[in-house]
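Take a look at the letters that make up each chain.
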Amino acid sequence: MQIDYACASIPILPDTGVECLAPLFFFIIFIGFVFIVVMSEKYRYMAEWLLKMFDGWF
């Protein structure tokens with residue numbers, strides 16, 4: 001499968017493969033980080049710290 005096809009199927013990413021790689025990797029890393037922090041008891045303090053830092057926004 002070409003990367004252009006995958007990028008065109010996601011509406012928030014640019015359509016061409018070269019412009020799409022950086023945001024795509026960012027979303028993959030961001031979702032992985034959020035999943036690890038939220039689901040792991042070992043890193044629960046990170047989620048609590050983030051909620052404390054952005055207390056006025058939530």
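Residue indices begin from 1 for each chain and proceed along its sequence in written order. The predicted nature of this model means local features are confined to residues of pLDDT at least 70 and side-chain atom pairs, given and counted, to a pLDDT of 80 or more, with totals for whole chains, interfaces and linings taken over all residues. As a rule here, side-chain values come from all non-hydrogen atoms in the structure, and water together with hydrogens is ignored.

Brief notes about the confidence of the model for the protein chain
Quick note on the threshold: Values of pLDDT, the confidence the predictor places in each residue, fall between 0 and 100. Strands are runs of DSSP state E lasting at least two residues, helices are runs of H or I lasting at least four, and both sets are numbered from the N terminus onward.
Averaged over the protein chain, the pLDDT score is 79; the fraction of residues at 70 or greater is 91%. Per-element mean pLDDT across the protein chain ranges from 73 in helix H1 (residues 3-9) up to 83 in helix H3 (residues 44-53).

Notes on the packing of aromatic side chains
Two aromatic rings are characterised by how far apart their centres lie and by the angle between their planes. Heads up, the rule is: For Phe, Tyr and Trp, where Trp contributes only its six-membered ring, two rings pair if their centres lie within 6.5 Å, and the inter-plane angle classes them as stacked under 30 degrees, edge-to-face over 60, or tilted in between.
For the structure shown, the criterion picks out 2 aromatic pairs. Through pairs of rings, three or more aromatic residues link up here, namely Phe26, Phe27 and Phe30.

Here we look at the layout of surface pockets
This is how it is decided: A pocket here means an open set of points on a 1 Å grid, computed over the protein atoms alone, that has protein on both sides within 12 Å along at least five of seven lines. A cavity is instead a set of points where a 1.4 Å probe fits but cannot get out; residues with an atom within 4 Å of a point line either one. Grid points are joined across faces, edges and corners, and a volume is the space filled by probe spheres set on the points.
Taken as a whole, the largest pocket spans an internal volume of roughly 190 Å³. Lining the largest pocket we find 10 residues, and of these Val34, Val37, Val38, Ala47 and Leu50 sit closest to its centre. Listed by contribution, the elements that provide at least two residues to the lining of the largest pocket are helix H2 (17-39) and H3. The element best represented in the lining of the largest pocket is H2, accounting for 5 residues.

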